[in-house]
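Observations on the model geometry
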Amino acid sequence: MKIAMVGSGYVGLVSGACFADFGHDVVCIDKDQSKIDRLHAGIMPIYEPGLDALVDTNVKSGRLTFTTSLAEGIRDASAIFIAVGTPSRRGDGHADLTFVYDVAREVGEHLANDAVIVTKSTVPVGTGDEVERIIAETGASSERGHKFAVVSNPEFLREGAAIGDFKRPDRIVIGAEDEFGREVMRQVYRPLFLNESPILFTSRRTSELIKYAANAFLATKITFINEMADLCEKVGANVQDVSRGIGMDNRIGAKFLHAGPGYGGSCFPKDTLALLKTAEDYDSPTRIVEAVVKVNDSRKRAMGRKVVDALGGFEEARGKKAALLGLTFKPNTDDMRDSPAIAVAQTLMDAGVAVAAYDPEGMEQARPLLPEVTMCEDPYAAIAGADVVVIVTEWDAFRALDFRRVKELANAPVLVDLRNIYNPAEMAAAGFTYVSVGRA
Ligand SMILES: NC(=O)c1ccc[n+]([C@@H]2O[C@H](COP(=O)([O-])OP(=O)(O)OC[C@H]3O[C@@H](n4cnc5c(N)ncnc54)[C@H](O)[C@@H]3O)[C@@H](O)[C@H]2O)c1
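Everything numeric here is computed off the predicted structure, so don't read it as measured data. (Residues numbered from 1 in each chain as written. Predicted model: local features only at pLDDT ≥ 70, side-chain atom pairs only at ≥ 80, totals over all residues.)

So, the overall build of the chain
Applied cut-off: Counting from the N terminus, the helices are DSSP H or I runs at least four residues long and the strands are E runs at least two residues long. Note that the radius of gyration is over C-alpha atoms, with the globule rule given as 2.2 Å times the number of residues to the power 0.38. In this scheme every C-beta is placed from the backbone, and a residue whose C-beta has 20 or more other C-beta atoms within 10 Å is buried, one with 12 or fewer is exposed, and one in between is partly exposed. What counts as a contact is two residues whose backbone-derived C-beta atoms lie within 7 Å of each other.
Of regular secondary structure, the chain possesses 19 helices and 14 strands. In summary, the chain has a C-alpha radius of gyration of 23 Å against a globular reference of 22 Å for 440 residues, a match within 12%. For the chain, the C-alpha atoms occupy an extent of roughly 75 × 50 × 40 Å along the three principal directions. Here the chain, with 440 residues, has 48% of them falling under the buried criterion. For the chain, contacts bridging at least 24 residues in sequence account for 73% of all contacts bridging at least 6.

Quick word on the domain arrangement of the chain
Threshold: These domain boundaries are the output of an automatic or database domain assignment. Three residue categories are used. Nonpolar comprises Ala, Val, Leu, Ile, Met, Phe, Trp, Tyr, Cys and Pro, charged comprises Asp, Glu, Lys and Arg, and polar comprises the others, including Gly.
For the chain, the assigned domains are domain 1 (2–202), domain 2 (212–293) and domain 3 (299–435). Listed by partner, the interface residues are seven residues for domain 1 and seven residues for domain 3. Of the residues in the side of domain 1 that touches domain 3, the class split is four nonpolar, one polar and two charged.

Details of the sheet that holds strand S10 (residues 354–358)
Note the following rule: Pairing between strands requires that DSSP locate at least two bridges from one strand to the other. Between the N-to-C directions of two axes lies an angle of 0 to 180 degrees, each axis being a line fitted to C-alpha atoms and, for a helix, fitted only over the stretch in contact.
Pairing within the open sheet is parallel, and its six strands lie in the order S11-S10-S9-S12-S13-S14. A strand with exactly one partner marks an edge of an open sheet, and here the two such strands are strand S11 (374–375) and strand S14 (433–435). Those strands touched by helix H13 (residues 287–310) are strand S9 (321–325), strand S12 (388–391), strand S13 (414–417) and S14, and its axis lies near 165° from that of S13. Against the sheet, helix H15 (residues 340–350) makes contact with S9 and S10, and its axis sits at roughly 175° relative to S9, the strand it touches most.

Topic: helix H6 (residues 127–138)
Put simply, the rule is: One less than the number of residues in a helix, times 1.5 Å, gives the span that helix is expected to have. This arc corresponds to the set of directions leading from the helix axis out to the C-beta atoms.
Over its 12 residues, H6 runs 16 Å from end to end, which matches the ideal 16 Å to within 8%, given 1.5 Å per residue. All of the buried residues in H6 are Thr127, Gly128, Val131, Ile134 and Ile135. Relative to the axis of H6, the buried residues are bounded by an arc of 125° and lie together on one face. The positive-phi residue at the C-terminal boundary of H6 is Gly139, with phi of around 95°.

Some remarks on the site of the ligand
We apply this condition: Nearness here has a simple definition: the residue's C-beta atom, placed using the backbone, must lie within 6 Å of the molecule or strand.
Around the ligand sit 26 residues, and of these Gly7, Gly9, Val11, Ser121 and Thr122 come closest. Only helix H1 (10–21) and helix H5 (98–110) provide two or more residues apiece to the shell around the ligand. By residue class, the composition of the shell around the ligand is 10 nonpolar, nine polar and seven charged.

Comments concerning unusual backbone geometry
The backbone of Phe256 sits at a positive phi, close to 60°, despite the residue not being glycine. Structurally, the position occupied by Phe256 is in the loop between helix H11 (239–247) and helix H12 (268–281). Residue Phe256 is classed as partly exposed on the basis of its C-beta count, with 17 C-beta atoms lying within 10 Å. Despite not being glycine, Asn332 has its phi angle at roughly 65°, a positive value. C-beta crowding within 10 Å serves as the criterion here: with 19 such atoms nearby, Asn332 is assigned to the partly exposed category.

Let's talk about the packing of helix H10 (residues 204–235) against H13
The line we're drawing: Angle categories are assigned with fixed cut-offs, so that under 35 degrees is roughly parallel, over 145 is roughly antiparallel, 65 to 115 is roughly perpendicular, and the rest are oblique. Handedness of each helix crossing follows the sense of rotation of the near helix against the far helix: counterclockwise by less than a right angle gives left-handed, clockwise gives right-handed.
Across the interface, H10 lies against H13 with an axial gap of 9 Å and an inter-helix angle of 55°. On the basis of their axis angle, the class for H10 and H13 is oblique. Between H10 and H13 the crossing geometry is left-handed. Residue-level inspection shows Ala216, Ala219, Thr220, Thr223, Asn226 and Glu227 of H10 in contact with H13, the latter providing Ile288, Val289, Val292, Val295, Asn296 and Arg299.

Points about the nonpolar core
Using the following cut-off: Nonpolar cores are built from buried Ala, Val, Leu, Ile, Met, Phe, Trp, Tyr and Cys residues. These are joined into a set through C-beta atoms within 7 Å.
Counting residues in hydrophobic clusters, the biggest one holds 126 residues, and the most contacted among them are Val6, Ile80, Ile117, Leu324, Val389 and Val390. Filtering out sequence-adjacent residues up to four positions away, Val6 remains in contact with Ile29, Leu70, Ile80, Phe81, Ile82, Ala83, Val84 and Val103.

Some details on the pairing of strand S3 (residues 64–67)
Here S3 shows a clear split, with Leu64 and Phe66 buried on one side and none of Thr65 and Thr67 buried on the other. Here four bridges tie strand S2 (residues 25–29) to S3, and the two strands are oriented parallel to one another. Paired with Ile29 across the bridge in S3 is Thr67.

Thoughts on helix H3 (residues 51–60)
What H3 keeps buried is the set Leu54, Val55 and Asn58. Projected onto a plane normal to the axis of H3, the buried residues spread over an arc of 95° and lie on a single side. Of the exposed residues in H3, those oriented more than 90 degrees away from the buried face are Ala53 and Lys60. Buried residues belonging to H3 abut H1, S3 and helix H8 (162–167). Backbone geometry just after H3 places Gly62 at a positive phi near 85°.

Things to note about the packing of H5 against H6
H6 packs onto H5 with a crossing angle of 35° between their chain directions and a minimal axis gap of 8 Å. In this structure, H5 meets H6 at a crossing whose hand is right-handed. Of H6, the residues touching H5 (which contributes Val100, Tyr101, Ala104, Arg105, Val107, Gly108 and Glu109) are Thr127, Glu130, Val131, Ile134, Ile135 and Thr138. Tallied by class, the residues present in the contact of H5 with H6 amount to seven nonpolar, three polar and three charged.

Next comes the structure, spelled out in structure tokens:
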């Protein structure tokens, strides 16, 4: 089967490479010429573990190609995936669907065979209806007598573990309105039947909502445990034990119960906002999600203040230096979109604290977002002369720091661990003033 993947970012490139690995013929399309040039040269435009090898193998097998031309890329494709960005619309939080509708229009203009158009981008309820209307209205398909269907197939992969998630998903959700759409999607995902990945067929609108409901629920879990962490600090309890204690209950589950600096990334912040807007549009308030968004927003700055407190408060902190270890919203990605590190760094700089940072993969994306932060070539260069060391992202590279060296290089042995990767008793024994999250 030939598959076209429009948009070759974190989702499109991983999905395209995995579909090629399943044996489909895949063309990844992107309007960004530099991205396609890099891919042609064998250079990955994003950091995702294992992606370079996967792309290389499938390019060599002839099953994976790249182009900037949508007309050329979708020719003879039975399934055309839309995997372009749906960022928050500036100012109001609605999902900005410009990229999705642009693709729909272009597909409508160039469709030259029967095909299923699949929205893999995260899109609000009703977007599939609009995509269908645009393609029908554009006319090329009906003039030429080509059959098409619009299907929703949200993506649940996580950056940093994207290939494994795509190949062994907990479930595949397909929202289709007719048998043509369902049948083509069965063919697309047939290789995963062998892995016994469950496929849930729903209506298109239900499928669109499932993605937002899933992300809002996960954001709620994170925010819940973060508030429990604050309470733990006040009452003298340990949030990691609370997480274990509740997570062992199968009805709750152990995942997404790690207290930290608040959720970030390219999905949860924008998707929770977009869900609120949908709820508002349909006059059906989702007050729990409203609270989650507010609590999470204030948490990121609060974590910056936690560091200021470790420096002795606002008066004392002015003129001091902080070393941030980790900038990306989570490890194993270079994605800086809505990373809590941005708010933490900003709060520190607002308090007159100089910030130096190191991240294994995120510094290129971080530079334009944090121009006043000094980016360093390794953790120890950032730590040199620092009055406080802050672990912002739990990269493996920070899990076994050489604390003797840290003490020698830093101005003071103060460690703020926003990811709880170290043990308080061990840190105290090593002579550090150690501040973590929810572990009184
Ligand atoms: N990143 C994730 O972890 C993740 C996970 C699940 C779902 N999603 C959703 O998937 C969608 C894509 O996210 P992403 O992180 O891959 O975005 P991205 O910004 O990394 O990639 C989007 C790509 O689409 C390209 N593009 C935009 N308009 C185009 C057009 N008209 N023609 C061809 N290419 C075009 C851009 O150049 C870009 O390379 C979003 O809706 C997002 O919410 C993302």
